[in-house]
Amino acid sequence: MAEKKTTDDAPDYLGHRERLRKRFLLGGGKDMPDYELLELLLMIALPRRDVKPLAKEMIKKFGSFAEVINAPLEELMSFSGVKENTATVLKIVRECSIRTSWQNLKSADAPIINNFDAMVDYCRSAMAYQTVEEFRIIFLNSKLHVIAEEVQQRGTVDQVAIHPREVIKSAMMHGASAMILVHNHPSGIVTPSKADIEITKRIREAGEAVSIRLFDHLIISKSSVYSFHNNGFV
């Protein structure tokens, strides 16, 4: 007859997990380094494994918690023992963060000019970690409140095709009175190119023809943002 396991036979990491869980519940994770927060997530996905070494290995490779949850699925699955289900848990966290930021932005009572930091935070979480350029439009009503958004184009690592007529068509379909253009620079350099300046001018002029205001054009990276509005271009 098989011998029954005692509590002394339990893996050493179970006690560590319980202490980590209690620390999180007491402090909300604010005092935790990135690898410990990641460890908590991995504990859910991999309940029968000591995931502390894995969490540290991931942070070492990618650099931060944000970089981990934004890493491509195939790169996450390159770690020993990380299957699709585990990688999916990390991607779910990313999408939850983006959705929360968007819903907070959309439900704000104040005009977007009073929520610039929230706008940048949302755009950064949604776009800054992309490996190719992405162009989206955030639509505003007459009071400059956010009403909707649309991803218009995805391109290559250093360029994306933008068509003023399609931008204005989308704004009219959403009943927008104003709009904010946003695109990312995977290079990390947010200084606008000549093409960025030219397309901004063309879209602004096309919008003016149908009484739709171009409120701003943001260029986003992981650590920086360039605002055409703040720099006097719109």
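Model, not experiment: these values are computed from the prediction.

**Student:** Mind laying out the sheet that holds strand 2 (residues 146–154), listing which residues take part and the relevant values?
**Tutor:** With respect to topology, five strands assemble into an open sheet ordered 2-1-3-4-5, the strand pairing being mixed. Looking at which strands have only one partner, the edges of the open sheet turn out to be strand 2 and strand 5 (225–227). Between one strand axis and the next, the sheet turns through 20° on average, direction left out of account. Of the pairings in the sheet, the one linking strand 1 (residues 134–140) to strand 3 (residues 178–184) comprises six bridges and is antiparallel in character. By the bridge assignment for strand 3, I138 is matched with I180. Relative to the sheet, helix 7 (residues 116–127) contacts strand 1, strand 2, strand 3, strand 4 (213–220) and strand 5, its axis offset from that of strand 1 by approximately 145°. Across the face of the sheet, helix 9 (residues 194–209) comes into contact with strand 3 and strand 4 while running at roughly 160° to strand 4.

**Student:** Pulling in residues and values, what's your account of helix 7?
**Tutor:** Here helix 7 is 12 residues long and its end C-alpha atoms lie 16 Å apart, about the 16 Å a rise of 1.5 Å per residue gives. Every buried residue belonging to helix 7 is among M119, V120, Y122, C123, R124, S125, A126 and M127, and all of these are buried.

About the thresholds
- Residues numbered from 1 in each chain as written.
- Predicted model: local features only at pLDDT ≥ 70, side-chain atom pairs only at ≥ 80, totals over all residues.
- Heavy atoms only, no water.
- Pairing = 2+ DSSP bridges.
- Helix = DSSP H or I, 4+ residues; strand = E, 2+ residues; numbered from the N terminus.
- Axes fitted to C-alpha atoms, helices over the stretch in contact; angles between N-to-C directions.
- Contact = heavy atoms within 4.5 Å.
- Expected span 1.5 Å × (residues − 1).
- Buried < 20%, exposed > 50% of the residue type's maximum accessible area, 1.4 Å probe, protein only.

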